[in-house]
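Tertiary structure, described
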Amino acid sequence: MPGRVKKRSPLKAPERPYIALGLEGSANKLGAGIIKHSPDGSTHVLSNVRHTYITPPGEGFLPRDTAQHHREWALTVINDALSKAGVSLHDIDCICFTQGPGMGAPLVSVALVARTLSLLYNKPLVGVNHCVGHIEMGRQVTGAQNPVVLYVSGGNTQVIAYSQQCYRIFGETLDIAVGNCLDRFARVINLSNDPSPGYNIEQEAKKGKRLLPLPYTTKGMDISLSGILTSTEAYTTDKRFRPNGPSPEDGEDIITPQDLCFSLQEHVFAMLVEITERAMAHIGSKEVLIVGGVGCNERLQEMMGVMARERGGNVFATDERFCIDNGIMIAQAGLLSYRMGYETPLAKSTCTQRFRTDQVHVAWRA
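This section reports on the structure supplied with the text. (Residues numbered from 1 in each chain as written. Predicted model: local features only at pLDDT ≥ 70, side-chain atom pairs only at ≥ 80, totals over all residues. Heavy atoms only, no water.)

The next thing to look at is the pattern of salt bridges. Summed over all chains, the structure comprises 16 salt bridges. A salt bridge links R242 to D250; the shortest N-O distance between them is 3.1 Å. Note that E302 is salt-bridged to R299, the shortest N-O span being 3.2 Å. Pair noted here: E302 and R299 are both in helix α8 (residues 298–310), with a separation of 3 residues, about one helical turn. Judged by its relative accessible area of 26%, R299 falls in the partly exposed class. Here the salt bridges share partners, and the residues they tie into one network are R210, D238, R240 and D253. (Salt bridge = Lys/Arg side-chain N within 4 Å of Asp/Glu carboxyl O. Helix = DSSP H or I, 4+ residues; strand = E, 2+ residues; numbered from the N terminus. Buried < 20%, exposed > 50% of the residue type's maximum accessible area, 1.4 Å probe, protein only.)

Strand order in the open sheet formed by 5 strands is β8-β7-β6-β11-β12, and the pairing between neighbours is mixed. Because the sheet does not close on itself, it has two edges, and the strands there are β8 (167–172) and β12 (314–317). Within the sheet, the average angular offset between the axes of one strand and its neighbour, ignoring direction, is 25°. In this sheet, strand β7 (residues 157–162) lies alongside strand β6 (residues 148–152) in antiparallel orientation, the contact comprising 4 bridges. Of the residues in β7, the one forming a bridge with Y151 is Q158. Sitting on the sheet, helix α3 (residues 130–142) touches β6, β7, β8, β11 (287–291) and β12, and the angle it makes with β11 is about 125°. (Pairing = 2+ DSSP bridges. Axes fitted to C-alpha atoms, helices over the stretch in contact; angles between N-to-C directions. Contact = heavy atoms within 4.5 Å.)

Before going further, it helps to examine the packing of aromatic side chains. For the structure shown, the criterion picks out 2 aromatic pairs. Relative to Y338, the ring of Y18 lies with its centre 6.2 Å away and its plane at 70°, an arrangement referred to as edge-to-face. Taken as a pair, Y18 in strand β1 (residues 18–24) and Y338 in helix α10 (residues 327–339) lie far apart in primary sequence, 320 residues in all. Considered together, Y18 and Y338 belong to a single accessibility category, that of buried residues. With centroids separated by 5.6 Å and ring planes inclined at 65°, the aromatic side chains of Y162 and Y167 adopt a geometry described as edge-to-face. In this arrangement the basic side chain of R16 is found over the ring face of Y18, its NZ or CZ atom lying 4.1 Å from the centre. (Phe/Tyr/Trp six-rings, centres within 6.5 Å; stacked < 30°, edge-to-face > 60°. Lys NZ or Arg CZ within 6 Å of the ring centre and 35° of its normal.)

So, in structure tokens, the structure goes:
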């Protein structure tokens, strides 16, 4: 059987260094990052600055308040990124910004900053799909060649694989995203939003001792998470539930918030591992790349690692610098597009909350 011919990348080596500024603000993280592509093919992260809008325990973040946070912090974050990178806006080749998906008001606030800088400094604009930004930064940092991508965040849950210059979605959530599921339960049990609800759920889950029965809803390649969230919330009204932990007179049959965090994580992550394994089998890949904010979760990485090793494969993941929403991933994806000749005209720089991963032409890959 003849070997597969390796296709040559359409992305040519740059003749000179290219530098891009990336601006991210699709949710409660405002990020600015500066990246450099060198003629020798290397990529350098010059700076990666982020500021998070944190609300009190039990509260989520509203679009209007989040947008106001982004407007107030935009100049500080951008100036900090330029200072750490040791460059000025005159040195930048293009200004990249998140065009979607995300929350409308925060997206528009950051896009307005990007347009203003573009006009002030006469720099080309490049609109970037948030999901593609996560994937490209994950590939760059980990060195994964052609992985099945599990993209898990507060607003998105997708299993993705690359084919013919498109990131194709093999499976996704049918209702709420995994990050949204965890965040909403964190609010139910009044966990802190600092540094993030998902991180605090992960820490509480490590103390859980009891695996409680919950719905396990995989539907082919897709999953549903609204039912498991409702069922987990229902346990908080059970007479066995002890919000402050067990007391000396309690017996064995009690339920703690830590047990609920543990049970919710185990069930949801098992569902994600199952649909990811199915995609690996379908395309014949032995690599899994986990991206998105929930990708920081060590338990998810551990469970995915067990599955991948059983298939003779590997798991690739990044730390919180690149997993959680950041500006550098937008700069990376945007600069790849820019080097292929793509620019976003001012008239088409509007944002869309429903910008699908598979709507992007991935021109820089073979």
